[in-house]
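So the chains spell out like this:
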Amino acid sequence: MPKDENTVSPVLSIPSSTNYWLIRADGGKYYNDFVQHGFIALAHNLVTIEKINALIKGNNSSNIDFRAVYLQSYAKDPRQVSGLRGNQIKNFTQVMSKGDVVLVPSKNSDFFALGVITSDAFDESLEVIQKRKNKYDPTANHSPVCTYLKRRTVLWIKEISKSDLPKGLLWALSAHEALFHITSSDDIYPIDKLFSPLFKKDNVLHLVIGTRQPDDLTMYQWNLLTSLSKETDLNPQDIKLDIQKPNTTAKKYNTEKVIAANIKAKPKSSGSIHKALE
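Residues numbered from 1 in each chain as written. Predicted model: local features only at pLDDT ≥ 70, side-chain atom pairs only at ≥ 80, totals over all residues. Heavy atoms only, no water.

Q: Please give an account of the packing of helix α2 (residues 49–59) against helix α4 (residues 79–95) that cites residues and values.
A: Interaxial distance between α2 and α4 falls to 12 Å at its minimum, and their mutual angle equals 75 degrees. In terms of their interaxial angle, α2 and α4 are classed as roughly perpendicular. From α2, I49, I52 and I56 reach across to α4, where they touch I89, T93 and Q94. When the residues that make up the contact of α2 with α4 are grouped by side-chain class, the tally is 4 nonpolar, 2 polar and no charged. (Axes fitted to C-alpha atoms, helices over the stretch in contact; angles between N-to-C directions. Helix = DSSP H or I, 4+ residues; strand = E, 2+ residues; numbered from the N terminus. Parallel < 35°, antiparallel > 145°, perpendicular 65-115°, else oblique. Contact = heavy atoms within 4.5 Å. Nonpolar A, V, L, I, M, F, W, Y, C, P; charged D, E, K, R; others polar.)

Written out as structure tokens, the structure reads:
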């Protein structure tokens, strides 16, 4: 079917309110279960969503002391541990929201699953978990069944290997917290680029162009890049190109230079951008 020149391909728009999270699957033990069944989960089953919601309703406020809530069920845990885990429960149940981005490392951080949260927090049924555990057969190479109750459903977008992890996220290889709120723009931008080479955020169009050019770009190639503005009704002065050196530990496309173009102008037609890239 011939392509209609007037067809406008949508540009991915990432809300500025999006939160970003790294959540571990018990050292990767439940990674495959997370990915195969579309969810993430947090431990400490004695603190349930049902209990939290009852406290919020009783206090007529969501501003509850999650450390105290945690200690009610795990009184023997050290003070520092209770504060950390109480905060993790708070983030998972109250701060996380639908549309947030989540990154989950596998065992040894060999792979990372990237997805978008699609539900509020809920308690999984013990009956459902038990039925799945009854079907578990380690000899059949089944993935261990996650026993955590507190869950959120996730739409998984892609899985990337450790070698394809952007340099800005290499810290994730040594992160040990069960749940970590990613807030640095230096970490968030590399995650956004994993979703799409072209996306819009904060009224800024971001464009990543890959090249197999092993050497430095020539003036002719630079001119071809800046000529993009003619096709998109952009002012060349509004285009910023950020040359990123290749990751020497990566494979295939990541060994090539990447040009990140932050276009700080709104084109008259997003379709014209796609046309210029063809």
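Picking up where we left off.
Q: How would you sum up the pattern of salt bridges? Please name residues and give values.
A: Pairing is possible between side chains of opposite charge, provided their charged atoms come close. Applying the stated criterion across every chain yields a total of 6 salt bridges. The closest approach of N and O atoms between K162 and D110, which form a salt bridge, is 3.6 Å. Of this pair, K162 sits in the loop between β7 (150–161) and β8 (179–182) while D110 sits in the loop between β4 (101–105) and β5 (111–117), placing them 52 residues apart in sequence. Its relative accessible area of 34% is what places K162 among the partly exposed residues. Residue K131 is joined to E127 by a salt bridge in which the shortest nitrogen-to-oxygen separation is 3.6 Å. Taken as a pair, K131 and E127 lie in helix α5 (residues 126–134) at a separation of 4 residues, close to a single helical turn. The exposed category is assigned to E127, whose relative accessible area is 53%. (Salt bridge = Lys/Arg side-chain N within 4 Å of Asp/Glu carboxyl O. Buried < 20%, exposed > 50% of the residue type's maximum accessible area, 1.4 Å probe, protein only.)

Q: Explain helix α3 (residues 66–73) to me, and be specific about the residues and the numbers.
A: Of all the positions in α3, only F66, V69, Y70 and S73 are classed as buried. Projected onto a plane normal to the axis of α3, the buried residues spread over an arc of 100 degrees and lie on a single side. Buried-residue contacts for α3 involve α2 and α4. Two to three positions downstream of the cap, the backbone nitrogen of R67 sits 3.1 Å from a side-chain oxygen, assigning the N-cap of α3 to D65. (Arc of directions from axis to C-beta. Polar contact = N/O pair within 3.5 Å; in protein donor to acceptor, adjacent residues only side chain to side chain.)

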